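Listed below are the residues making up each chain.
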Amino acid sequence: MFKVLIFEVELEIAPPFYIITITFALLMTILQKMKFIFSVFFFFSIVLGLNAQELKSLKKHIYYLADDKMKGRGTGSHEAMKASEYVKKEFKKYGLKPLGTDGYYQNFKAKVRKVVVPDSIRDSRNVIGFLDNSSGKTIVIGAHYDHIGEGKQGSLKDSTAYGKIHNGADDNASGVAGLLELARYFAQNNEKEPFNILFISFGAEELGLVGSRYFVANPTIDLKAVHFMLNMDMIGRLNKESGVAIIGYGSSPEFETIFSGINKEKHVKFYTGYEGRGGSDQTSFYEKDIPVLFFHTGGHEDYHKPTDDAPKVDYTSLKGILELEKEIIVSSFDVGKMNFRSTDKK
């Protein structure tokens, strides 16, 4: 008789069965290890698959919005309306509740002031989708979808580019792509967050924050219930040495608590700016005493030029910025009240 230890149990086995028993034990051990390896492989396959899908979605949004066929999405143009329709379709697909004044839309008039044009008064609209979590407080996430068209409404950085299509891939198809990805994530993550989330894609930002100013003057939610507002404008061209700017850090003392829990080693490099005001739509909310954060990867040689095209966007870093935003948003859930603090110099 032989004594054999199988799964920590000592058994006495007759000689004829010894080799069979040992072989069986070895096979079981190998199968258990293979099961573990397969589980790890399966887990990482899912993670890699999700990452690839998110990058694919970001590219899809930007390549659509910044295509030559969209002619720069100038305010009042047919193409700008198509851009707003695209955002609406995505909001509807994610199951967001329409919270405009006309379904998902909030229509308004915008005026071209920087240059003299015969059609200075133009139609525009915000696109508004609401993730209703039955909360008394709401986080607002925004990004403008318009750009400067063919350079005929002002804001040109190249005087020779008048009449040329300015695709605005970074400014601000990148922000809209970020908005849509955050909307998809929070709407489809099978979790009920303790806050509602209002997603807004603003029109006519390039004409002077017209869409966001119109919204805060005619809000479709109670502005007093807004936890804070997060804005994305030009988040597609990360400078890895300086990092992404997060402006508005000083607009609430609670941001200090939130950011103190962020592990910088896990995310793209970032730095904070104290001021709440800035050249984008978060300013409209700041002026209503609402804490704000504005994500911005900075200016570059293609800013407001026809060369701001989709292939130049850093999609991997863009996704990394969104991962950082997700953590900041989720961390804010633990803050009962975001107190507003003015950053204006006295």
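In what follows, the structure referred to is the one given above.
Residues numbered from 1 in each chain as written. Predicted model: local features only at pLDDT ≥ 70, side-chain atom pairs only at ≥ 80, totals over all residues. Heavy atoms only, no water.

Participant: Give a detailed account of the overall build of the protein, specifying residues and quantitative values.
Facilitator: Counting its secondary structure elements, the protein contains seven helices and 11 strands. Scored against the burial criterion, the 346 residues of the protein give a buried share of 52%. Partitioning the intrachain contacts of the protein with sequence separation of at least 6 by distance along the chain shows that 79% fall at a separation of at least 24. When the accessible surface of the protein is totalled, it reaches about 16,900 Å², and 56% of it is carbon and sulfur. (Helix = DSSP H or I, 4+ residues; strand = E, 2+ residues; numbered from the N terminus. Buried < 20%, exposed > 50% of the residue type's maximum accessible area, 1.4 Å probe, protein only. Contact = heavy atoms within 4.5 Å. Areas by Shrake-Rupley, 256 points an atom, 1.4 Å probe, with all protein chains shown as cover.)

Participant: Explain unusual backbone geometry residue by residue, including any values.
Facilitator: Here the residue pair Asp-171 and Asn-172 is connected by a cis peptide bond, since its omega of 0 degrees sits within 30 degrees of zero. By secondary structure assignment, the location of Asn-172 is in helix H3 (residues 169-188). For Asn-190, which is not glycine, the phi torsion reads 60 degrees and is therefore positive. Structurally, Asn-190 can be placed in the loop between H3 and strand E7 (196-202). The exposure class assigned to Asn-190 is exposed, which follows from its relative accessible area of 79%. Phi at Met-234 is positive, roughly 65 degrees, even though this residue is not glycine. Within the element layout of this structure, Met-234 appears in the loop between strand E8 (226-232) and strand E9 (244-247).

Participant: I'd like a rundown of the pattern of salt bridges, residues and numbers included.
Facilitator: In the structure shown here, the tally under the stated rule is 20 salt bridges. The partner of Glu-54 in a salt bridge is Arg-184, with the nearest N and O atoms 3.8 Å apart. Placement of the pair is Glu-54 in helix H1 (residues 18-65) and Arg-184 in helix H3, with a sequence separation of 130 residues. Note that Arg-277 and Asp-344 form a salt bridge whose closest N and O atoms lie 3.0 Å from each other. One end of the pair, Arg-277, is in the loop between strand E10 (270-273) and helix H6 (282-286); the other, Asp-344, is in the segment after helix H7 (315-332), and 67 residues separate them in sequence. (Salt bridge = Lys/Arg side-chain N within 4 Å of Asp/Glu carboxyl O.)

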